[in-house]
Amino acid sequence: MRWRIGKELERAVAAKRRVQIALAVLILLLGALLATGVYSTFALYRSAEDRYIHTLFPLKTHSQDLILQMVNEETGVRGYMLTSDRRTLQPYFLGRKNVLTDLAKLSQLTASRPGLQVELKPIRYEIRALDGYFDRQITFVADGQLGEQRARTDVLGGQRLFDRFRVNSQSLSASITAFVDQTRSDERRTLTRAIGLLAASGLFALVIAIFLLRRVPERLRSLYSDEEQARIRAEHGANASRALAHVSDAVVMLDDGSRVLSWNNAAEELFGVPAEAALGRPAGSIFPEFGVLIERSGGELTPVRIGGEERWLAISLSRFDGGRVVTLRDATSEHVLERARADFVTTASHELRTPLTAVYGSIRTLIDREDELSEPVRQRLLKMIEQESEHLAQIVDQLLVTAQIDRGRLRMEERDCNVAELCASVLEAADSRKPESIRLELVAPPTTRPLRCDPPRLKQVLVNLVENAIKYSPEGGRIEVRIADTPDRLRIDVEDEGLGIPPSEQARIFEKFYRLDAEMTRGVGGSGLGLYISREIVEQMGGLLSVRSRRGAGSTFTVTLPRALSGAQPRADALVRT
Ligand code: ADP
C-alpha cells in the first residue's frame with residue numbers, strides 16, 4: 001500500500017513538473033517573440049534611417065542639384081553674354097558655390113561605393129572643364145566688343161561640354177536610382193524575413209499554447225485526482241494502522257526476506273519488543289522461533305517460551321504479493337481453561353464413579369445377600385450408601401453452584417449465625433469421615449457475637465476447607481480451626497500440617513478447575529472447584545479468603561468476614577501470603 005501511494009505521488013509530482021516546464025517554455029517563447037519583434041523593428045528603423053536619411057536621399061538630392069546648379073551657372077554666364085551686366089552673373093556664382101558643395105557631399109557619400117565614385121570622376125572633370133569655359137567666356141565679355149565676339153563663336157564648344165556633363169550626370173543619377181531600388185528590395189527582404197521569423201515563432205508559440213490549453217486542464221484534473229486518490233489511500237492506510245494498533249492479536253507484516261514491515265501494539269506486548277526496535281529487522285533475530293511459528297500456522301495452539309513464560313499461540317498466516325502477514329493470538333488462558341476442563345472431565349468422572357461404584361456395590365450386596373448379612377454389616381453398608389450419596393450430591397452441588405456463579409446468579413441470604421456452633425458442626429460431621437489418625441480441633445473464644453451472613457454458604461466454605469485439610473494431611477496430622485472475633489470482623493483460620501502449596505501455585509488454586517495434582521498421582525481426588533466456589537462465596541459476603549503455606553510445612557486458609565455485610569468486594573490476590 002505504502003509502495004503504491006509513493007508511486008502515485010511520484011507520478012503526480014512528475015506530471016506537475018512537466019506542466020511547469022511546458023509553461024516555462026511558453027513564457028520563454030513569448031519573450032523571444034517579443035524580443036525578435038522589438039529587434040526587427042529596431043533593425044528596420046536603423047537600416048531605413050541609415051540608408052534613406054543619411055545616404056540615399058542626400059545622394060539623390062545632391063546628384064540632381066548638381067545638374068541644377070550647373071544649369072544656373074550656364075544661365076548666369078549666358079545672361080552676362082547678352083547684357084554685359086555683371087549683376088546677371090549672380091546665378092553663376094551661386095551655382096558654382098553650390099556645385100562645390102554638391103561635389104564634396106557626393107564624394108563623401110560615395111566614398112564606400114567604388115562604382116559610384118568611378119562614375120563621379122568624369123563628371124568632376126567635366127565640371128572643371130565647364131567652369132574653365134565659363135571663366136573664359138566671362139573674361140571675353142569683360143574685354144569688350146571683341147571679346148564678346150570671341151565668346152559667341154565659342155558657344156558651341158560650351159554646348160558640347162555641357163551635353164557631355166549632362167549625359168554623365170544622368171548616368172550617375174540612374175546609377176543612384178538603381179542603388180535606391182536595390183536598397184529598397186533589400187529592405188523588403190529584411191522586412192519579409194523579420195515578419196516570417198515573427199510569424200514562425202508566433203505560430204510555434206500558438207501551437208504550444210493550444211497544446212497546453214488542451215492538455216493542462218486535463219493533466220491538472222488527473223493530477224489532482226491522483227493526489228486525492230493518494231490522500232484517500234494514505235488516510236485509509238493511517239486508519240488501518242490505527243485500527244491495527246487496537247487489535248488485540250499480534251499482527252506482524254513481513255517482506256519476502258522475512259524482515260519486519262509492520263509490528264503492532266499487541267506484538268510489542270507479546271514479545272516485549274517495541275516497534276522501533278523491530279521494524280526492518282529479520283523476524284528471526286527478534287524471536288528465534290518465528291520461523292517455526294510460521295510453519296505451524298493454521299494448526300493447533302503452539303506452545304512457546306517468551307520471557308521465560310510458557311505461552312500458547314494460535315497462529316494464522318496470509319500471503320500477499322511481496323510478503324506475509326502473521327497473526328498471533330495469545331490463547332494461553334484459553335489453553336489453560338481447556339486443559340482444566342479436560343482435567344475436570346477426568347477428575348469429575350473419577351470423582352463421580354468412585355462413590356457411585358461404592359453405592360452400587362453396597363446395594364447389590366444388600367439385595368443379593370440379604371439373608372446372609374448380619375445386622376451390623378447391613379448397617380455399615382447402609383451408612384456407606386448414605387455417605388457416598390452425600391458425596392455425590394456434594395459434587396453435583398459444586399457443579400451447580402459454579403454454573404450459578406458463572407451466570408452471576410448465586411443468591412445470598414442474610415441471617416444471624418453463630419459461627420462457633422457452625423464450625424463445631426462442620427468438624428463433627430468431618431470427624432465421622434476422617435481417617436482415624438487425623439486430629440481435628442476447634443479453638444474459639446468463649447463467646448462470639450452472632451455474625452450477619454448466609455449460614456449454609458459459610459458452612460459450604462468451611463466444609464470445603466476442612467475436607468481439603470483432611471485430604472491433604474499426612475497420617476497423624478493435626479487440623480486446627482481457630483476463630484478470632486474482633487469488633488469489626490470475624491476471622492476463621494483452618495490450619496493443617498499437610499503437603500503445603502508452593503508459592504507459585506498459591507494464586508492459581510483459587511482458579512476454576514485448577515488442581516495441583518491434576519493426574520491424582522497421590523490418589524487424592526477432587527473437582528478443582530472447592531476453593532473457586534469458596535472464594536466467590538466469601539467475597540460475595542464482603543470478606544476475603546487467603547492462604548499462607550510452605551511446601552511440606554502445612555497450609556493455613558483464612559476467611560475474614562466483616563461484621564456488617566457490605567456486598568461483593570474485588571478479589572484480592574495480593575492477600576495470598578506465604
Ligand atoms: P479439590 O477438589 O481438588 O480439592 P479445591 O478447589 O478445593 O479442589 O482445591 C484446589 C487445589 O488446591 C487442590 O487440588 C489442591 O492441590 C490444593 N489444596 C487445597 N487445599 C489444600 C491444602 N489444605 N493443602 C494442600 N493443598 C491444598
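Residues numbered from 1 in each chain as written. Predicted model: local features only at pLDDT ≥ 70, side-chain atom pairs only at ≥ 80, totals over all residues. Heavy atoms only, no water.

## Considering helix 11 (residues 375-406)
Then, in step 1: Given a rise of 1.5 Å per residue, 32 residues ought to cover 46 Å, and the 46 Å separating the end C-alpha atoms of helix 11 matches this to within 8%.
Then, in step 2: Within the sequence span of helix 11, burial applies to Leu 381, Ile 385, Glu 388, Leu 392, Ile 395, Gln 398, Val 401, Thr 402 and Ile 405.
Then, in step 3: Turning to helix 11, the residues buried within the fold contact helix 10 (332-368), helix 13 (455-471) and helix 14 (530-540).
Then, in step 4: A positive backbone phi angle near 70 degrees is found at Gly 408, which sits one or two residues after helix 11. (Helix = DSSP H or I, 4+ residues; strand = E, 2+ residues; numbered from the N terminus. Expected span 1.5 Å × (residues − 1). Buried < 20%, exposed > 50% of the residue type's maximum accessible area, 1.4 Å probe, protein only. Contact = heavy atoms within 4.5 Å.)

## Overview of the sheet that holds strand 3 (residues 302-306)
Hydrogen bonds between backbone atoms are what pair the strands of a sheet, whose relative direction is either parallel or antiparallel.
Then, in step 1: Strand order in the open sheet formed by five strands is 2-1-5-4-3, and the pairing between neighbours is antiparallel. In this open sheet, the two edge strands, each paired with only one partner strand, are strand 2 (260-263) and strand 3. Averaged over all neighbouring strand pairs, the angle between strand axes comes to 35 degrees, with direction disregarded.
Then, in step 2: In this structure, strand 4 (residues 309-320) lies alongside strand 5 (residues 323-330), joined through eight bridges in antiparallel fashion. For Leu 313, the partnering residue across the bridge sits in strand 5 and is Asp 330. (Pairing = 2+ DSSP bridges. Axes fitted to C-alpha atoms, helices over the stretch in contact; angles between N-to-C directions.)

## Thoughts on the sheet that holds strand 9 (residues 478-485)
Then, in step 1: The five strands are arranged 7-9-10-12-11 in an open sheet whose pairing can be described as mixed. Strand pairing shows two members of the sheet lacking a second neighbour, strand 7 (439-443) and strand 11 (544-549), which therefore form its edges. The mean angle between the axes of side-by-side strands here comes to 15 degrees, regardless of whether they run parallel or antiparallel.
Then, in step 2: Alignment of strand 11 against strand 12 (residues 555-562), held across six bridges, turns out to be antiparallel. When the bridges of strand 12 are listed, Ser 549 appears paired with Ser 555.
Then, in step 3: Across the sheet, helix 14 touches strand 11 and strand 12, and the angle it forms with strand 11 is around 135 degrees.

## Section: the packing of aromatic side chains
Then, in step 1: Counted under the stated rule, the structure contains eight aromatic pairs.
Then, in step 2: With a centroid separation of 5.3 Å and an interplanar angle of 65 degrees, the aromatic rings of Tyr 92 and Phe 93 are classed as edge-to-face.
Then, in step 3: Aromatic pair Phe 162 and Phe 165: ring centres 5.7 Å apart, planes at 65 degrees, arrangement edge-to-face. With a gap of three residues between them, Phe 162 and Phe 165 both fall in helix 5 (residues 155-246), about one helical turn apart. Per residue, the accessibility class of Phe 162 equals that of Phe 165, and both read buried.
Then, in step 4: These aromatic residues form a ring-pair network of at least three members: Tyr 92, Phe 93, Tyr 133 and Phe 134. (Phe/Tyr/Trp six-rings, centres within 6.5 Å; stacked < 30°, edge-to-face > 60°.)

## Examining the packing of helix 12 (residues 419-433) against helix 13
Then, in step 1: The N-to-C vectors of helix 12 and helix 13 enclose an angle of 40 degrees; their axes lie 10 Å apart at closest approach. Taken together, the axes of helix 12 and helix 13 are oblique relative to one another. Crossing angle aside, the handedness with which helix 12 passes helix 13 is right-handed. Note on element contacts: helix 13 touches helix 12 through Pro 455, Leu 458, Lys 459, Leu 462, Val 463, Val 466, Glu 467 and Ile 470, opposite Val 419, Leu 422, Cys 423, Ser 425, Val 426, Leu 427, Ala 430 and Arg 433.
Then, in step 2: Across the contact of helix 12 with helix 13, the residue classes break down as 12 nonpolar, one polar and three charged. (Parallel < 35°, antiparallel > 145°, perpendicular 65-115°, else oblique. Left-handed = near helix turned anticlockwise from the far one by under 90°. Nonpolar A, V, L, I, M, F, W, Y, C, P; charged D, E, K, R; others polar.)

## Notes on the nonpolar core
Then, in step 1: The biggest cluster of nonpolar side chains holds 48 residues, and the ones touching the most others in it are Val 419, Leu 458 and Val 466.
Then, in step 2: If we skip the residues at most four places from it in the chain, Val 419 touches Leu 451, Leu 458, Ile 483, Leu 490 and Ile 492.
Then, in step 3: One finds Val 77, Tyr 80, Leu 103 and Ala 151 within the second-largest nonpolar core, a separate group that totals 31 residues. (Core = buried A, V, L, I, M, F, W, Y, C linked by side-chain atoms within 4.5 Å.)

## A short note on the site of the ligand
Then, in step 1: Around the ligand, a shell composed of 19 residues is seen, among which Asn 468, Asp 496, Arg 515, Leu 516 and Leu 531 lie nearest.
Then, in step 2: Asp 496 is positioned with one of its side-chain polar atoms (N or O) 2.8 Å from a nitrogen atom of the ligand.
Then, in step 3: Separating an oxygen atom of the ligand from a backbone N or O atom of Leu 531 is a distance of 2.8 Å.
Then, in step 4: The fraction of the free accessible surface of the ligand (530 Å²) that becomes covered by protein chains is 97%.
Then, in step 5: Residue assignment for the shell around the ligand shows that the elements contributing at least two residues are helix 13, helix 14 and strand 12.
Then, in step 6: Looking at the shell around the ligand, its residues break down into nine nonpolar, seven polar and three charged. (Near = heavy atom within 4 Å. Polar contact = N/O pair within 3.5 Å; in protein donor to acceptor, adjacent residues only side chain to side chain. Areas by Shrake-Rupley, 256 points an atom, 1.4 Å probe, with all protein chains shown as cover.)

## What about the pattern of salt bridges?
Then, in step 1: As enumerated under the stated definition, the model contains 31 salt bridges in all.
Then, in step 2: Glu 375 serves as the salt-bridge partner of Arg 378, at 3.3 Å between the closest nitrogen and oxygen. With Arg 378 and Glu 375 both in helix 11 and three residues apart, this pair spans about one turn of that helix.
Then, in step 3: Judged by relative accessible area, Arg 378 falls into the partly exposed class, the value being 29%.
Then, in step 4: Across the salt bridge formed by Asp 416 and Arg 452, the nearest N and O atoms sit 3.4 Å from each other. Residue Asp 416 is found in strand 6 (residues 415-417), and its partner Arg 452 is found in strand 8 (residues 451-453); the two are separated by 36 residues along the sequence.
Then, in step 5: In the salt-bridge network here, residues are joined through shared partners; they are Glu 441, Arg 478, Glu 480, Arg 482, Arg 491, Asp 493 and Glu 495. (Salt bridge = Lys/Arg side-chain N within 4 Å of Asp/Glu carboxyl O.)

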